[in-house]
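# Topology and contacts: notes
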Amino acid sequence: MLDLMNEVTVVHLVSADTHPALSAELAICNLTDYIEIQLETDPAKTCASISQSAVTAHLTIIATGKACEQLPAIALAQKAGNRKILSYQLISPALPPFTETWPNAPITAYFSPGSIIPRDVSLRGIEVASFPGEPAFAALIDNCLP
């Protein structure tokens, strides 16, 4: 029997900002547990979808653009459900306001080469990386999980 406490669920928040190739590349990776959650306009519905779908106690969240605005609500809901977010992997993020309880895990923000990086990204100590493209990003996520 698997020890679910040592596994990680990769939660991909899919929105209008998500490039279709990203979902396809992540789906073909050898991730132990990968789920796609369609972003709802109501963060409570997004949180409910994650709670119903994620089976492990540890999560890595991937979000693109405006989907990132729901992350504080998602973090709070996961904490209430006794889940721990290990990291956030954000692509061209529209960052939400920072609070005392968020971020609750390390954040890496990926930007396309030549992009202007918003000032609040560097001020908040977010790790910044160049977005390597969908196949390389999917491999990166696969390789950084336990």
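All figures in this text were calculated on a predicted structure; none of them were measured in a lab.

Each helix and strand in the protein was counted, giving five helices and six strands. For the protein, the α and β elements follow one another from N to C terminus as β-α-β-α-β-α-β-β-α-β-α. Taken over C-alpha atoms, the radius of gyration comes to 14 Å for the protein, in line with the 15 Å a tight globule of 146 residues would show. Projected onto its principal axes, the C-alpha coordinates of the protein cover approximately 45 × 35 × 25 Å. The buried share of the protein, reckoned over its 146 residues, is 46%. Restricting to contacts in the protein with at least 6 residues of sequence separation, those with at least 24 account for 64%. Carbon and sulfur atoms make up 55% of the accessible area of the protein, which amounts to about 7,700 Å² in all. Taking the 7 positively charged and 14 negatively charged side chains of the protein as two groups, their mean positions are separated by 11 Å.

Looking now at the side chain of Glu134. Within the secondary structure, Glu134 is located in helix 5 (residues 134-144). Of the buried charged residues, Glu134 lacks a salt bridge, with Lys66 as the closest side chain of opposite charge at 19 Å. Setting aside its immediate chain neighbours within four residues, Glu134 contacts His19, Ala21, Leu22 and Glu25.

Our focus in this paragraph is helix 1 (residues 20-28). All buried positions along helix 1 are accounted for by Leu22, Ser23 and Leu26. Buried residues along helix 1 cover an arc of 95° about the axis, so they all sit on one side. Counted as exposed and oriented over 90 degrees from the buried face of helix 1: Pro20 and Ile28. Along its buried surface, helix 1 packs onto strand 1 (8-14), strand 2 (33-38), strand 3 (58-64), strand 4 (84-91) and helix 5.

The six strands are arranged 2-1-3-4-5-6 in an open sheet whose pairing can be described as parallel. Where the open sheet ends on each side, the last strands, each with one partner, are strand 2 and strand 6 (127-130). When the angles between neighbouring strand axes are averaged without regard to direction, this sheet yields 20°. Bridging between strand 3 and strand 4 involves seven bridges; their strand directions are parallel. The partner of Ile62 across the bridge, within strand 4, is Gln89.

Attention now moves to the confidence of the model for the protein. Summary statistics for the protein give a mean pLDDT of 88 and a share of 95% for residues scoring 70 or more. In the predicted structure, residues 1-5 sits below a pLDDT of 50 and forms six contacts with residues beyond four places in sequence or in another chain.

Quick notes on the rules
- Within any chain, residue numbers begin from 1 and follow the written order of that chain's sequence.
- Reporting of local features is limited, given that this is a predicted model, to residues whose pLDDT is at least 70; pairs of side-chain atoms are given and counted only at 80 or more, and all residues count toward the totals for whole chains, interfaces and linings.
- For the side-chain quantities, the full set of heavy atoms in the structure was used; hydrogens and water were omitted.
- Each helix corresponds to a stretch of at least 4 residues labelled H or I by DSSP, and each strand to a stretch of at least 2 residues labelled E; elements are numbered beginning at the N terminus.
- Throughout, the radius of gyration refers to the C-alpha atoms, and the reference size of a globule is 2.2 Å times the residue count to the power 0.38.
- Categorising residues by exposure relies on relative accessible area from a 1.4 Å probe, with only protein chains included: less than 20% of the type maximum marks a residue as buried, more than 50% marks it as exposed, and the intermediate range marks it as partly exposed.
- A contact between two residues is defined here by any heavy atoms of the two lying within 4.5 Å.
- Calculation of accessible area relied on Shrake-Rupley with a 1.4 Å probe; when residues are assessed, cover is drawn exclusively from the protein chains displayed.
- We score Asp and Glu as negative and Lys and Arg as positive, and we do not count His or the chain ends.
- Here the site of a charge means NZ on Lys, CZ on Arg, CG on Asp, or CD on Glu.
- Salt-bridge detection follows one rule: a side-chain nitrogen of Lys or Arg within 4 Å of a carboxyl oxygen of Asp or Glu.
- When we speak of the arc, we mean the arc of directions from the helix axis to the C-beta atoms.
- Two strands pair under a simple rule: DSSP has to find at least two bridges between them.
- Note on geometry: axes are C-alpha line fits, over the in-contact stretch for helices, and angles between N-to-C directions span 0 to 180 degrees.
- On a scale of 0 to 100, pLDDT captures the predictor's confidence in every residue.

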